[in-house]
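# Remarks on the overall topology
So you can see what is in the structure, the chains are spelled out below.
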Amino acid sequence: METALTRLVGVRHPLVQTGMGWVSGPRLVSASADAGALGILASATMTLDRLRDAVREVKSRTDQPFGVNLRADAQDAGDRVRILIDEGVRVASFALAPSPELIAELKAAGVVVIPSVGARRHAEKVAAWGADAVIVQGGEGGGHTGEVATTVLLPQVVDAVRIPVVAAGGFHDGRGLVAALAYGAAGVAMGTRFLLTSDSTVPDAVKARYLAATVRDVAVTRAVDGLPHRMLRTELVEALEHAGRTRALLQAVRRAAGFRELSGLTWRQLVRDGLAMKHGKDLTWSQVLLAANTPMLLRAAMVDGRTDLGVMAAGQVAGVIDDLPSCAELVERIMKEAEEVRERLSASP
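Since we're looking at a predicted model, the values are computed, not measured. (Residues numbered from 1 in each chain as written. Predicted model: local features only at pLDDT ≥ 70, side-chain atom pairs only at ≥ 80, totals over all residues. Heavy atoms only, no water.)

### Details of the packing of helix α8 (residues 174–183) against helix α15 (residues 327–347)
Stated precisely, the cut-off is as follows: Where helices are involved, their axes are fitted lines through C-alpha atoms of the stretch in contact, as for all axes, and angles between N-to-C directions lie from 0 to 180°. In DSSP terms, a helix is any run of H or I states spanning at least four residues, a strand is any run of E spanning at least two, and both are numbered starting from the N terminus. Orientation is classified from the angle alone, with under 35 degrees giving roughly parallel, over 145 giving roughly antiparallel, 65 to 115 giving roughly perpendicular, and any other angle giving oblique. It is the rotation of the near helix from the far one that decides the hand of a crossing: anticlockwise by less than a right angle makes it left-handed, clockwise makes it right-handed. Contacts: residue pairs with any heavy atoms within 4.5 Å of one another.
Orientation of α8 relative to α15, taken along the N-to-C sense of each, is 55°, at an axis distance of 7 Å. The angle between α8 and α15 falls in the class oblique. The chirality of how α8 crosses α15 is right-handed. Across the interface between the two elements, Gly-174, Arg-175, Leu-177 and Val-178 from α8 touch Ile-334, Met-335, Glu-337, Ala-338, Val-341, Arg-342 and Leu-345 from α15.

### Quick word on the packing of aromatic side chains
Two aromatic rings are characterised by how far apart their centres lie and by the angle between their planes. Rules: Here a Phe, Tyr or Trp ring, Trp counted by its six-membered ring, pairs with any other such ring whose centre lies within 6.5 Å, and the pair is stacked when the planes are under 30 degrees apart, edge-to-face when over 60, and tilted otherwise. Each ring is checked for a lysine NZ or an arginine CZ that lies within 6 Å of its centre and within 35 degrees of its normal; such an atom marks a charge sitting over the ring.
According to the stated counting rule, one finds zero aromatic pairs in the structure shown. Of note, Arg-299 hangs over the ring of Trp-22, and the distance from its end group to the ring centre comes to 5.5 Å.

### Section: the pattern of salt bridges
Definition in use: A carboxyl oxygen of Asp or Glu within 4 Å of a side-chain nitrogen of Lys or Arg is what we treat as a salt bridge.
In total, this model carries 17 salt bridges according to the counting rule given. For Arg-333, the salt bridge goes to Asp-323, with nearest N and O atoms at 2.8 Å. Residue Arg-333 is found in helix α15, and its partner Asp-323 is found in the loop between α14 (285–302) and α15; the two are separated by ten residues along the sequence. Here the salt bridges do not stand alone but share partners, grouping Arg-52, Arg-56 and Glu-87 into one network.

### Description of empty space enclosed by the protein
For clarity, the cut-off: Note on definitions: the grid is 1 Å and covers protein atoms alone; a cavity is a set of points where a 1.4 Å probe fits but cannot get out; a pocket is an open set with protein on both sides within 12 Å along at least five of seven lines; lining residues have an atom within 4 Å of a point. Grid points are joined across faces, edges and corners, and a volume is the space filled by probe spheres set on the points. The residue classification treats Ala, Val, Leu, Ile, Met, Phe, Trp, Tyr, Cys and Pro as nonpolar and Asp, Glu, Lys and Arg as charged. All others, Gly included, are polar.
Here the structure, examined in full by the defined rule, presents one cavity of 30 Å³ or more. As a volume, the largest cavity reaches approximately 40 Å³. Around the largest cavity, the lining residues are Leu-5, Val-16, Leu-38, Ile-40, Val-91, Ser-93, Ile-114, Ile-135 and Val-166. Contributions of two or more residues to the lining of the largest cavity are made by β2 (38–42) and β4 (91–94). For the lining of the largest cavity, a count of residues per class yields eight nonpolar, one polar and no charged.

### So, the sheet that holds strand β11 (residues 229–232)
Note the threshold: Here a strand pair is declared whenever DSSP counts at least two bridges between the two strands.
Taken together, the three strands give an open sheet; going across it, the order is β7-β11-β10, and neighbouring strands pair in antiparallel fashion. The open sheet has two free edges, formed respectively by β7 (143–144) and β10 (218–221), since each of these has just one partner strand. Pairing geometry for β7 and β11, over two bridges, is antiparallel. If you follow His-144 over to β11, its bridge partner there is His-229.

### Things to note about the nonpolar core
For clarity, the cut-off: Among buried residues, those of type Ala, Val, Leu, Ile, Met, Phe, Trp, Tyr and Cys that are joined through side-chain atoms within 4.5 Å constitute a nonpolar core. Burial status follows relative accessibility: with a 1.4 Å probe on protein chains alone, a residue under 20% of its type maximum counts as buried, one over 50% as exposed, and anything between as partly exposed.
Counting residues in each nonpolar core, the largest one holds 61 residues, and the members touching the most others are Leu-15, Tyr-210 and Met-302. Among the elements that take part in this core, α15 stands out by supplying seven residues, more than any other. Not counting residues within four places of it along the chain, the set of residues in contact with Leu-15 comprises Leu-5, Ala-37, Leu-38, Leu-177, Val-188, Met-190, Val-331, Ile-334 and Met-335. Met-46, Val-58, Phe-66 and Ala-92 belong to the second largest nonpolar core, which has 23 residues in total.

### Brief notes about the sheet that holds strand β8 (residues 165–168)
The eight strands are arranged β1-β2-β3-β4-β5-β6-β8-β9 in a closed barrel whose pairing can be described as parallel. Strand-to-strand, the axes of this sheet are offset by a mean angle of 25°, without reference to chain direction. In the sheet, β8 pairs with strand β9 (residues 187–190) via three bridges, with the strands oriented parallel. Within β9, the position partnered with Ala-168 by the bridge is Ala-189. The sheet strands contacting helix α3 (residues 48–61) are β2 and β3 (66–70), and the helix crosses β3 at an angle near 160°. Sheet strands in contact with helix α6 (residues 120–129) are β5 (112–117) and β6 (134–137), and its direction is about 160° off that of β5.

### Observations regarding the environment of Ala-328
Within the secondary structure layout, Ala-328 lies in helix α15. The spacing of Ala-328 and Ala-37 is 291 residues in sequence and 9.3 Å in space, taken between C-alpha atoms.

### Quick look at the environment of Val-303
Looking at the element boundaries, Val-303 is found in the loop between α14 and α15. Residue Val-303 is classed as partly exposed on the basis of its relative accessible area of 37%. Remark: the alpha-carbon pair of Val-303 and Val-23, spanning 280 residues in sequence, is separated by 8.1 Å. When residues no more than four places from it in sequence are discounted, the contact partners of Val-303 are Trp-22, Pro-203 and Leu-298.

As structure tokens, this is what we get:
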């Protein structure tokens, strides 16, 4: 199925496996790429050396195109961009809008730039700055998310920009792919659906928690870092929502210390990252620290398997997913179903 996305990045199918912290590592990314989708390596939780090693590991596992997701507001974003360029990575994706300078540097080196956005005005901004495509995530998507549903946001963005638009938030099968194409998208991006595959390194106990969830078990909360965050409702989320400011601050400091040691950041850098997230938002100091070290909360679940101590970002589709196929099986199934849906629609009187 050829679309503007497949032509732009050189993949066989208009599917993107999104960059999920602690989840989208070399194994999942290479499996997604081999299946014909665009695998995206999550780098925000990696040191510079680990990022370079991870890129090389993906390249040793597959000869298919893949990308790396970056935090545009990270202090070392420029260093990470240079690693992508040096290592010949095909695509750079961003969770926040990259600066015009970063976009220009990447494009000059032949790297395709695909930021993720949650609003039409943000899509218009990055398109004007030279982005090659954009992923637009509706409110159904996991992690930090907005309030506008994909079915409303997607056509707005498609009508507003002249670059390929990839739809995210609420997709998990071939029917969704066809629906997104009907809205004018060039493909779909999925996180939770790829997390719940046999190629994902997420511990089995955590996958079981996702599979057991209903759509009502996937909620949006501001308790973790002060920002709207879609995740599974767990004991930790309940505790944070009911914790007083003093208790929340103590928990934040303890977790920030763990993330600082893991990431190699100084306390000054950690607080500065938190303040960057606080800018323009009414956050408490505990939320500033939690915003800066949310990766530790994700790591507790996604790496250590502690569903009681970590947070589990999740799209609403977690409530309708009930199996763990391989990436190859998943992609084949989605594309087969999409073709069947298109044939059925074209045959309708």
